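# Summary of structural features
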Amino acid sequence: MKNLLLSSFLLLLLSGCKLGHYGRLQVTQENKKYTTFPKPIFGDNFNSFLFKANISIYGKDVSGLLVAKQMEPHDYRVIFTTELGLKLFDFEFKDTAFTLHYCVPQFNRPKLLNTIKEDIEILLMSNLFLKPYHDLVDKQNLFDIQEYRFGKYYNYYFTEKASRNLVKIEHCKKRIKKVDFLLNNYKDSFPNNIIIKHYNIKLKIELNL
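This section reports on the structure supplied with the text. (Residues numbered from 1 in each chain as written. Predicted model: local features only at pLDDT ≥ 70, side-chain atom pairs only at ≥ 80, totals over all residues. Heavy atoms only, no water.)

## Considerations on the nonpolar core
For clarity, the cut-off: To qualify as a nonpolar core, a set must consist of buried Ala, Val, Leu, Ile, Met, Phe, Trp, Tyr and Cys residues joined through side-chain atoms within 4.5 Å. Type-normalised accessible area, obtained with a 1.4 Å probe on protein chains alone, sets the label of each residue: buried when under 20%, exposed when over 50%, and partly exposed for intermediate values. Any pair of residues with heavy atoms lying within 4.5 Å of one another is described as a contacting pair.
In terms of nonpolar packing, the biggest core is built from 44 residues, with Ile41, Phe42, Phe89 and Phe107 touching the most fellow members. The contacts of Phe89, once residues within four sequence positions are left out, are Ile55, Leu66, Val78, Ile79, Phe80, Tyr102, Cys103, Phe107, Ile116 and Ile120. Counting seven residues, the second largest nonpolar core, distinct from the first, contains Tyr154, Phe158, Val167 and Cys172.

## A closer look at helix α2 (residues 110-124)
Here is the rule: Secondary structure elements are defined from DSSP: runs of H or I of at least 4 residues count as helices, runs of E of at least 2 residues count as strands, and each element is numbered from the N terminus. By definition here, a helix of n residues has an expected span of 1.5 Å times n minus one.
Given a rise of 1.5 Å per residue, 15 residues ought to cover 21 Å, and the 21 Å separating the end C-alpha atoms of α2 matches this to within 8%. Within the sequence span of α2, burial applies to Leu112, Leu113, Thr115, Ile116, Lys117, Asp119, Ile120, Ile122, Leu123 and Leu124. Met125 sits one or two positions beyond α2 and adopts a positive phi of about 55°.

## Focus on unusual backbone geometry
One can expect most non-glycine residues to show negative phi and most peptide bonds to be in trans. We note that Tyr58 has phi near 50°; this positive angle belongs to a residue other than glycine. Of note, Tyr58 is situated in the loop between β2 (48-57) and β3 (60-72). A positive phi is found at Asn141, a non-glycine position, where the angle reads about 60°.

Okay, here's the thing in structure tokens:
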């Protein structure tokens with residue numbers, strides 16, 4: 001009986017978490033396709049961006065430089081090195097294909113590697129606009145929000161109405177938030193600070209332009 005009551009309480013608690021945040025969002029338009037909104041973080045066409053990067057994984061910090069470069073449309077190369085130039089990982093994203101060109105043993109663990117890969121894919125926002133989405137708005141009317149579904153996962157893109165800047169992306173599973181992407185300190189329409197914070201594992205990535 002106690003176990004049944006405990007299970008019921010946990011179910012209600014999880015349901016409250018799931019609906020408490022996303023249940024406050026209101027649908028305005030449904031199932032739109034082939035849009036150019038929200039605006040891609042890196043722009044439709046870019047040469048390269050260089051960030052000072054810090055990756056904190058289970059209490060251990062790794063710092064260095066991260067470069068994101070567009071080789072051609074829908075072909076991106078992302079390389080993380082130490083400040084002395086030692087390569088830590090080298091990813092390539094081309095259409096729906098992913099190529100691991102290089103990775104040091106510290107990062108070459110399937111779960112960690114796949115998590116970082118997925119984080120970068122979300123930031124690149126490549127091919128996002130070929131997918132249908134829902135238009136949402138928060139009850140305070142501070143943000144325009146787009147909800148995209150990827151199988152059992154959802155991404156929510158929060159564009160601040162006042163500035164028209166994309167300020168947050170939330171990556172969720174079954175409407176429960178797993179990752180926050182916080183985009184801060186905009187200059188010339190680009191965030192100079194990006195923080196990626198995971199809630200299901202102890203992983204945090206900070207990028208400063």
